[in-house]
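# Observations on the three-dimensional arrangement
Residues per chain, in single letters:
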There are 4 protein chains.
Amino acid sequence: MGRFVRDGGTEEHSPVRPVYQRIAADLRAQISAGVLAPGATLPSERDLCERYGCVRFTVRQALAALEADDLVGPVQGKGRFVTSRRP
Amino acid sequence: MGRFVRDGGTEEHSPVRPVYQRIAADLRAQISAGVLAPGATLPSERDLCERYGCVRFTVRQALAALEADDLVGPVQGKGRFVTSRRP
Amino acid sequence: MGRFVRDGGTEEHSPVRPVYQRIAADLRAQISAGVLAPGATLPSERDLCERYGCVRFTVRQALAALEADDLVGPVQGKGRFVTSRRP
Amino acid sequence: MGRFVRDGGTEEHSPVRPVYQRIAADLRAQISAGVLAPGATLPSERDLCERYGCVRFTVRQALAALEADDLVGPVQGKGRFVTSRRP
DNA sequence: GTGGTCTAGACCACC
DNA sequence: GTGGTCTAGACCACA
């Protein structure tokens, strides 16, 4: 048991894209696909932590990337929302 | 001092055997002896640098040797651990 | 001794601007003033930690703000540099 | 104890005395008794939530009371500590 | 409950 | 040495 792999895959030596980029890409895809429609609330940071099996810091790195692209926006005390207008 | 062999009593590091091998051997011994038991956390790279009076690159050479033998394994953000299973 | 203030000032209840914003403003000022000229190397993240008495994460938040404004840029394994061209 | 008051044997929380006061009194007692010695770390807000079966807001009300009396003090990112000096 | 700030470390990739 | 990624928490402001 208990080896020291990170993502438990079967591949030998992947390029190891950072976890936060993988999360960002995943969310980006959901937004593109309309699973997360404009105006929709994203799962909370803590939910995303559980879903992706990482800590809040890593999730926030992913969300920061989406915010930089203006795909989502935060609202203090309420959550994050998919941006309505598309540039 | 120094006759033919130079494993020297008190000098800090022999000029022949690479420092990283000496560090690796030292850690290997501690694992064999159970000082570092399976599952135990190794000292951090920086701790080992201080302890052995060398730079990180050298320490990492030593650790790479132990990893190649699957004696220890790294976990991102947490540290290095003595491998549980024995091959 | 040892009370629980954060910035050791004498004020009663300041608005408490986040530490990273204070650091960012400080560096921004040095760049504007030419103390840090275009092409210059910034102090390392770890140096800035000591200088401002905080951890790396906080320093990186400040640096991220400057990078967002394209005032500085990172180079893997070398350091951060003040951007040459001014927009 | 309990003469006029009804601190009730087994029920979870009295309907009269606010929960936050009960928590504050409990922590105050632990500090007086030295269970929580000067300089000691208090349990985290979330731990106290679990321990007392209430939400964070309530725990924070209790902690605010202790802070007002300068019995404990918060340190960003580290926790709350029992104040060293006694007024 | 939410997101925002912060501590105190770790290992990783690269020079 | 540098910056890059990550862990595992904490308290803070706001609703």
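Everything below is about the structure shown above.
Our subject in this report is the structure included herewith. The shown structure was predicted, so the numbers you read here are calculated from the model rather than taken from an experiment.

### So, the protein's contact with DNA strand E
The immediate surroundings of DNA strand E are formed by 39 residues, with A:Arg56, B:Arg56, C:Val19, C:Thr58 and D:Lys78 found nearest. When atoms of DNA strand E within 4 Å of the protein are sorted by moiety, sugar and phosphate together comprise 65%. One nitrogen or oxygen atom from the side chain of A:Ser44 is found 3.0 Å from a phosphate oxygen belonging to DNA strand E. Taking C:Arg56, its side chain carries an N or O atom lying 3.5 Å from a base nitrogen of DNA strand E. Looking at the surface near DNA strand E, the element that brings in the most residues is helix α3 (residues 56–68) of chain C, giving 4 residues. Its residues assigned to classes, the surface near DNA strand E shows 10 nonpolar, 14 polar and 15 charged.

### Quick look at a nonpolar patch on the surface
Where nonpolar side chains cluster on the molecular surface, the patch consists of A:Val55, A:Phe57, C:Val55 and C:Phe57 and spans about 390 Å² of accessible area. Relative to the helices and strands, A:Val55 resides in the loop between α2 (45–52) and α3 (56–68).

### Here's the deal with the packing of helix α2 (residues 45–52) of chain B against helix α3 (residues 56–68) of chain B
Residue and element names in this part refer to chain B. Where α2 contacts α3, the two axes come as close as 9 Å, and the packing angle between them is 105 degrees. In terms of orientation, α2 and α3 fall into the roughly perpendicular class. Contacts between α2 and α3 pair Glu-45, Arg-46, Leu-48 and Cys-49 from the former with Arg-56, Val-59, Arg-60 and Leu-63 from the latter.

Reading the values: the criteria
Residues numbered from 1 in each chain as written. Chains lettered and ligands numbered in written order. Predicted model: local features only at pLDDT ≥ 70, side-chain atom pairs only at ≥ 80, totals over all residues. Heavy atoms only, no water. Near = heavy atom within 4 Å. Polar contact = N/O pair within 3.5 Å; in protein donor to acceptor, adjacent residues only side chain to side chain. Helix = DSSP H or I, 4+ residues; strand = E, 2+ residues; numbered from the N terminus. Nonpolar A, V, L, I, M, F, W, Y, C, P; charged D, E, K, R; others polar. Patch = residues over 30% accessible without salt bridge, like charges linked within 9 Å, V, L, I, M, F, W, Y side chains within 5 Å. Areas by Shrake-Rupley, 256 points an atom, 1.4 Å probe, with all protein chains shown as cover. Salt bridge = Lys/Arg side-chain N within 4 Å of Asp/Glu carboxyl O. Axes fitted to C-alpha atoms, helices over the stretch in contact; angles between N-to-C directions. Parallel < 35°, antiparallel > 145°, perpendicular 65-115°, else oblique. Contact = heavy atoms within 4.5 Å.

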